[in-house]
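Coordinates in review
Residues per chain are reported as follows:
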Amino acid sequence: MGKLANKIFARAVSKLNLPFVDLSNGYANNSKWHQGLIIHLASILRPRVYLELGIFKCGLFNRMIPFAEQLIGVDANPEAGNHMARSSKVRFVATTTSNFAQRLRNEPISIDMMFIDADHSREAVEEDFANFFPFVKPHGLILLHDTHPMDNAATSQERCGDGYQAIESLSRKSEQFEMMTLPWHPGLTLCRKRTAQLAWQENSSVVHTSK
Ligand SMILES: C[S@@+](CC[C@H](N)C(=O)[O-])C[C@H]1O[C@@H](n2cnc3c(N)ncnc32)[C@H](O)[C@@H]1O
């Protein structure tokens, strides 16, 4: 759709004053509530480049296709690629997230929005965040999953893992990014890369690192 048509469509929909329809019946009954939220964010942001670390069966990834220009999915399990919808916009990389980060050092990309959802251990979440942060555009979004397990049992590696501890320490740093966690199981953390509050006051020539 062209820009004008988009504008007219958005205005018409907003005039309908539709109530928000909650199909999840509350987060306690739907552990995938994060997907609708991430898709909604993408529908507003319209990322040029979307990166998802850990795609599993592409439950979220495929639903993101209409909203991004280019989508990259990384998963250590080569089977994950079989679930990816066919589209000229998508690319599957069958490798570990740390291997992919290594490749980016020679072939850098510029990420508008990314979702960290691979290995959920504290060490891996810290490593993924540090490795990919330099490739995120200023004011780009980094989303992290499973960051607010509901109880101790849910912090086991088979469930949410202890990646929430990485968020605990990262969120104490705030010079290069701001971070907040939605405290509903299994938890979603939203992070914006920034050094200035206003995107248009950001010095975009600076490539920041998380360390
Ligand atoms: C929780 S699932 C991802 C779910 C998916 N993001 C979604 O919303 O539908 C985690 C995935 O990460 C992959 N994974 C785990 N550790 C990884 C690593 N170090 N590198 C790449 N992929 C990894 C697993 O194979 C699995 O498919």
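Cut-off values and rules
Sequence order sets the numbering: in each chain, residues are counted from 1 along the sequence as written. Per-residue local features are limited, in this predicted model, to residues with pLDDT of at least 70; the limit for side-chain atom pairs, both in listing and counting, is 80 or more; totals at the level of whole chains, interfaces and linings are taken over all residues. When DSSP finds two or more bridges between two strands, those strands count as paired. Note on conventions: DSSP H or I runs of at least 4 residues are helices, E runs of at least 2 residues are strands, and numbering of each starts at the N terminus. Here the expected span of a helix is defined as 1.5 Å times the quantity of residues minus one. Residue burial here comes from a neighbour count, namely the number of other C-beta atoms, placed from the backbone, that lie within 10 Å of the residue's own C-beta, with 20 or more meaning buried, 12 or fewer meaning exposed, and in between meaning partly exposed. Think of the arc as the fan of directions from the helix axis to the C-beta atoms. pLDDT is a per-residue confidence score from the predictor, ranging from 0 to 100. In this description, a residue-residue contact is defined by the distance between C-beta atoms placed from the backbone, which must lie within 7 Å. An axis is simply a line fitted to the C-alpha atoms; with a helix, the fit covers only the stretch in contact. Between two such axes, the angle follows the N-to-C directions and lies from 0 to 180 degrees. For classification purposes, an angle smaller than 35 degrees is called roughly parallel, one larger than 145 roughly antiparallel, one from 65 to 115 roughly perpendicular, and anything else oblique. In this scheme the crossing of two helices becomes right-handed for a clockwise turn of the near helix relative to the far one and left-handed for an anticlockwise turn of less than a right angle. Under the scheme applied here, ten amino acids are nonpolar (Ala, Val, Leu, Ile, Met, Phe, Trp, Tyr, Cys and Pro), four are charged (Asp, Glu, Lys and Arg), and all others, including Gly, are polar.

Side note on the pairing of strand S6 (residues 177-182)
- Here S6 pairs with strand S7 (residues 188-193) via six bridges, running antiparallel. Looking across to S7, one finds that Thr181 is bridged to Thr189.
- Between S6 and S7, which pair antiparallel in sequence order, lie five residues; one of them, Gly187, sits at a positive phi of approximately 95 degrees.

Considering helix H2 (residues 33-45)
- The end-to-end C-alpha separation of H2 is 19 Å, in line with the 18 Å expected for 13 residues at 1.5 Å each.
- Among the residues of H2, Trp33, His34, Ile38 and Ala42 are the ones counted as buried. Burial along H2 is one-sided: seen end-on, the buried residues are contained in an arc of 165 degrees. Every exposed residue of H2 that faces more than 90 degrees away from the buried side is listed here: His40, Ser43 and Ile44.

Re the confidence of the model for the chain
- Confidence in the prediction for the chain averages 91 pLDDT; 88% of positions are at 70 or higher.
- When the criterion is pLDDT under 50, residues 206-211 qualifies, and its contacts beyond four places in sequence or with other chains add up to 11 contacts.

Observations concerning the sheet that holds strand S2 (residues 70-75)
- What the seven strands build is an open sheet, ordered S3-S2-S1-S4-S5-S7-S6; its pairing is mixed. In the strand order of this sheet, the two ends are held by strand S3 (90-94) and S6, each with one partner. If you compare each strand with its neighbour and ignore which way they point, the axes differ by 15 degrees on average.
- Where strand S1 (residues 49-53) and strand S4 (residues 111-116) come together, four bridges link them in parallel fashion. If you follow Leu53 over to S4, its bridge partner there is Ile116.
- Lying on the sheet, helix H5 (residues 122-132) is in contact with S1, S4 and strand S5 (136-145); it crosses S4 at an angle near 170 degrees.

Side note on the packing of helix H4 (residues 97-104) against H5
- With their axes 10 Å apart at the nearest point, H4 and H5 run at an angle of 15 degrees to one another. The angle between the axes of H4 and H5 places the two elements in the roughly parallel class. H4 and H5 meet at a crossing whose hand is left-handed. Contacts between H4 and H5 involve Thr97, Ser98 and Ala101 from the former and Glu127, Asp128, Asn131 and Phe132 from the latter.
- Residue classes in the contact of H4 with H5 are distributed as two nonpolar, three polar and two charged.

Observations concerning H5
- Considered for burial, the residues of H5 that qualify are Ala124, Val125, Asp128, Phe129 and Phe132. Buried residues of H5 fall within an arc of 130 degrees about the axis and therefore sit on the same side.
- Of the surrounding secondary structure, the elements contacted by the buried residues of H5 are S1, H4, S4, S5 and helix H6 (164-170).

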